[in-house]
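# Coordinates in review
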Amino acid sequence: MSRTLLPLAAFSLVTAVYALPPALAEEAGAIQVHLIGTGGPELTPTRQGISTLIAANEQKLLFDVGRGALQNIYLSRIDPRVVTKIFLTHLHSDHIEGLPSIWMTPWFMFARKPSVEIWGPQGTQRMVDGMRMMYGHDVEQRSNPVFRREYLDITVHEIAEGVVYDAGGVKVTAFPVEHDDGNPAFGYRIDAVGRSVLLTGDTTYNENVVKYGMNNDLIVSNVVAFSDAMTKAGVLKPVLNKLMTPEQAAATFLKTRPRLAVFSHIVKKELPGDAGDDVIIERTRKAGYDGPLTIGHDRMTIEVGEQVKILPPQSIDGIVDFDKPDSKF
């Protein structure tokens, strides 16, 4: 796990925990934020595509489904059959490319029965229709008395600003953000058990993030950073115009003052590994933000309760194969 950079005063609020039981149980009165994948479209040795799973009140809600999401859900010891409620921030390929696996594999491999429900921007229904067409052979040929075709039904909700989900003590509020060629794009605020978590989605600095981010326990923010040479060359300036720079993130955090701020969907160019992560932290600090802050890593968990706990990825030693309908952890 890389360094978590926090001011001394923050340690009463944020606790780093380095030993976990084989399976991570939900704490009553807490929201667990599983950073399933923390990368951008770039291919790196350590980060899969963006995907965040929120567990609260015995519900599991998945936000975005980047590449490798199914694998990292499994490695996080979360039964993929229970991940059926999916919220999309926007329809860029790196946020939906893991969706077919989440939809299809738990059905024909693990006999999932509950159908999938998806919330997303205008165009989501068309995307789902296209996915069903692309996987039409599976839909038609793999169905049988155990893996019934109707279990592949998908209910789509195309969203606007406001509360888009409110059930079992978990409320999800969507708000529009600014992502240029990814628009319409949304961020989400999740409220449960008296706690709140905000996911910025993909956006540059936007006042809606500040508006909905006030009085939040945790903000999970996208971030983009290039090497000095690439920044000066200006070749990828359009990318900087649609994602949050460390300086913009600092301005957001200074206004909202979360108990913890975490970077995910980490887009870096010529800033590999931990050294590149350190550049992002240093730039955020230089811009004036001195509150609790960390860089997200795949399969890290943030537990938001009386304390905000940063839990490192669980070891995969001894994890069982999921290879048949009665597989379980």
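The structure we're discussing is the one just above.
Conventions adopted
- Residues numbered from 1 in each chain as written.
- Predicted model: local features only at pLDDT ≥ 70, side-chain atom pairs only at ≥ 80, totals over all residues.
- Heavy atoms only, no water.
- Helix = DSSP H or I, 4+ residues; strand = E, 2+ residues; numbered from the N terminus.
- Rg over C-alpha atoms; globule rule 2.2 N^0.38 Å.
- Contact = heavy atoms within 4.5 Å.
- Pairing = 2+ DSSP bridges.
- Axes fitted to C-alpha atoms, helices over the stretch in contact; angles between N-to-C directions.
- Phe/Tyr/Trp six-rings, centres within 6.5 Å; stacked < 30°, edge-to-face > 60°.
- Buried < 20%, exposed > 50% of the residue type's maximum accessible area, 1.4 Å probe, protein only.
- Parallel < 35°, antiparallel > 145°, perpendicular 65-115°, else oblique.
- Left-handed = near helix turned anticlockwise from the far one by under 90°.
- Nonpolar A, V, L, I, M, F, W, Y, C, P; charged D, E, K, R; others polar.
- Salt bridge = Lys/Arg side-chain N within 4 Å of Asp/Glu carboxyl O.

### Quick word on the overall build of the protein chain
Secondary structure summary: the protein chain contains 10 helices and 16 strands in total. Here the C-alpha radius of gyration of the protein chain, 19 Å, is about what a compact globule of 329 residues would show, namely 20 Å. For the protein chain, the spread of C-alpha atoms along the three principal axes comes to 60 × 45 × 35 Å. For the protein chain, contacts bridging at least 24 residues in sequence account for 68% of all contacts bridging at least 6.

### Thoughts on the sheet that holds strand β11 (residues 195-199)
Reading across the sheet, the seven strands line up as β8-β9-β10-β11-β12-β13-β14 and stay open at both edges, with mixed pairing between neighbours. Of all the strands in the sheet, the pair left with one neighbour each is β8 (162-167) and β14 (293-295). For this sheet the average axis-to-axis angle between neighbouring strands, irrespective of direction, equals 25 degrees. Both strand β10 (residues 185-192) and β11 contribute to a ladder of five bridges, which runs antiparallel. Along β11, the bridge assignment pairs Arg189 with Leu198. In this fold helix α9 (residues 246-256) packs onto β12 (218-226), β13 (260-269) and β14, with an angle of close to 160 degrees to the strand it touches most, β12.

### Here's the deal with the packing of aromatic side chains
With the rule as written, the count across this model stands at 15 aromatic pairs. On the basis of an interplanar angle of 50 degrees and a centroid distance of 5.8 Å, the ring pair of Phe253 and Phe263 is categorised as tilted. In this pair, Phe253 sits in helix α9 while Phe263 sits in strand β13, placing the two residues 10 residues apart along the sequence. There is no split in this pair, since Phe253 and Phe263 are both buried. Following the ring pairs from residue to residue traces out a cluster consisting of Phe63, Phe87, Trp119, Tyr165 and Tyr188.

### Considering the pairing of β13
Counting buried residues in β13 gives nine out of 10 residues, a clear majority hidden from the surface. Strand direction decides the pairing type here: β12 and β13, joined by eight bridges, are parallel. Among the inter-strand pairings, Ala225 is bridged to a residue of β13, identified as Lys268. Sheet topology note: the β13/β14 ladder contains three bridges and is parallel.

### Regarding the packing of helix α3 (residues 99-108) against helix α4 (residues 124-134)
Between α3 and α4, whose axes approach to 11 Å, the crossing angle comes to 55 degrees. Taken together, the axis directions place α3 and α4 in an arrangement best described as oblique. Considering only the axes of α3 and α4, their crossing is right-handed. Seen from α3, the contacting residues are Leu99, Pro100 and Trp103; seen from α4, they are Met127, Met131 and Arg132.

### Description of the packing of α9 against helix α10 (residues 273-286)
With their axes 8 Å apart at the nearest point, α9 and α10 run at an angle of 50 degrees to one another. It follows from the interaxial angle that α9 and α10 lie oblique. Here α9 and α10 pass one another in a crossing that is right-handed. Within the contact between the two elements, α9 uses Pro246, Glu247, Ala250 and Phe253 and α10 uses Ile280, Arg283 and Thr284. Classifying every residue of the contact of α9 with α10 gives four nonpolar, one polar and two charged.

### A few points about α3
For α3, the buried fraction is high: nine of the 10 residues fall into the buried class. Taken together, the buried positions of α3 are Leu99, Pro100, Ile102, Trp103, Met104, Thr105, Pro106, Trp107 and Phe108.

### A few points about the pattern of salt bridges
Under the criterion given, the structure shown has 17 salt bridges. In this structure, Glu207 engages Lys255 in a salt bridge whose closest nitrogen and oxygen atoms are separated by 3.4 Å. Here Lys255 lies in helix α9 and Glu207 lies in helix α6 (residues 207-213), a separation of 48 residues in the sequence. Its relative accessible area of 46% is what places Glu207 among the partly exposed residues. Exposure remark for Lys255: the relative accessible area of 43% places this residue in the partly exposed category. Residues Asp277 and Lys268 are paired through a salt bridge, measuring 2.7 Å at the closest nitrogen-oxygen approach.

Worth remembering: the numbers are spatial, not functional.
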